[in-house]
Amino acid sequence: MLVIIGIALLALSAGLTTALVALWTADSPGSWFNVIFTVMGAVFVAGGWAGYMSYLGDAAAREDAETRWAMVGPTAQPLSGIIADREVSLGETGEVSRFRLVITTEVGVLGAMWRPETRDSRAFLQTQVPGVGGVVRVWHAGTGEPFVVEVADPTVVA
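The model shown is predicted, which means the values in this text are computed figures rather than measured ones.

This next bit is on the packing of aromatic side chains. Enumeration according to the criterion identifies 4 aromatic pairs in this entry. For the ring pair Phe-33 and Phe-37, a centre distance of 4.8 Å and an interplane angle of 50° mean the geometry is tilted. Taken together, the positions of Phe-33 and Phe-37, both in helix 2 (residues 31-72) and 4 residues apart, correspond to about one turn of that helix. Owing to a relative accessible area of 25%, Phe-33 belongs among the partly exposed residues under this scheme. Members of the aromatic cluster, each reached through a chain of ring pairs, are Trp-32, Phe-33 and Phe-37.

Laid out in structure tokens, this is it:
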């Protein structure tokens, strides 16, 4: 899918270039007209490329963390932590699209983020996101290494 999006962005860039050459070489109402459409097209294409590159960077970082965790995970030790802060982002229909936690542990303050792996993942509600003051378990293998945070759904009674 990423290759298809990359090819589409290349085609869009080539199409914009062709359109801008035609725009600037043909008769137009004036330079102001050419500038408006040049800026609009450039912003549109640049936004697409920025989003694509950002996604590729996130994917590479996630893959690197997963690879490193596979190596150090078996040696990870559990630490108790307390949620010091949280930030919840909601989707258009009110489901949680991601959340970030700031966790205080004996080794320091850690930040963690969750988001669904795919759009088809089971959605959950904001009340199911652990709250400030909640207890978590952090699997930690050392400074600079990736870690895993276990949190419980606060709406489930154990």
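A separate point is helix 2. With 42 residues, helix 2 extends 60 Å from end C-alpha to end C-alpha; this agrees with the ideal 62 Å at 1.5 Å per step. Residues of helix 2 that are buried sit in contact with helix 1 (2-25).

Quick look at the layout of surface pockets now. Quantified by volume, the largest pocket comes out at close to 1,400 Å³. Taken together, 31 residues line the largest pocket, and the ones lying closest to its centre are Arg-62, Met-113, Trp-114, Arg-115 and Pro-116. Top element by residues in the lining of the largest pocket is helix 2. It accounts for 7 residues. A breakdown of the residues in the lining of the largest pocket according to their chemical character gives 17 nonpolar, 5 polar and 9 charged. For the second largest pocket, the calculated volume is near 220 Å³. Phe-99, Trp-114, Phe-124, Gln-128 and Asp-153 are, among the 11 residues lining the second largest pocket, the residues nearest its centre. In the lining of the second largest pocket, the residues fall into 7 nonpolar, 2 polar and 2 charged.

Rules behind the numbers
- Residues numbered from 1 in each chain as written.
- Predicted model: local features only at pLDDT ≥ 70, side-chain atom pairs only at ≥ 80, totals over all residues.
- Heavy atoms only, no water.
- Phe/Tyr/Trp six-rings, centres within 6.5 Å; stacked < 30°, edge-to-face > 60°.
- Helix = DSSP H or I, 4+ residues; strand = E, 2+ residues; numbered from the N terminus.
- Buried < 20%, exposed > 50% of the residue type's maximum accessible area, 1.4 Å probe, protein only.
- Expected span 1.5 Å × (residues − 1).
- Contact = heavy atoms within 4.5 Å.
- 1 Å grid on protein atoms, 1.4 Å probe; cavity = no way out; pocket = protein on both sides within 12 Å on 5 of 7 lines; lining within 4 Å.
- Points joined across faces, edges and corners; volume = space filled by probe spheres on them.
- Nonpolar A, V, L, I, M, F, W, Y, C, P; charged D, E, K, R; others polar.

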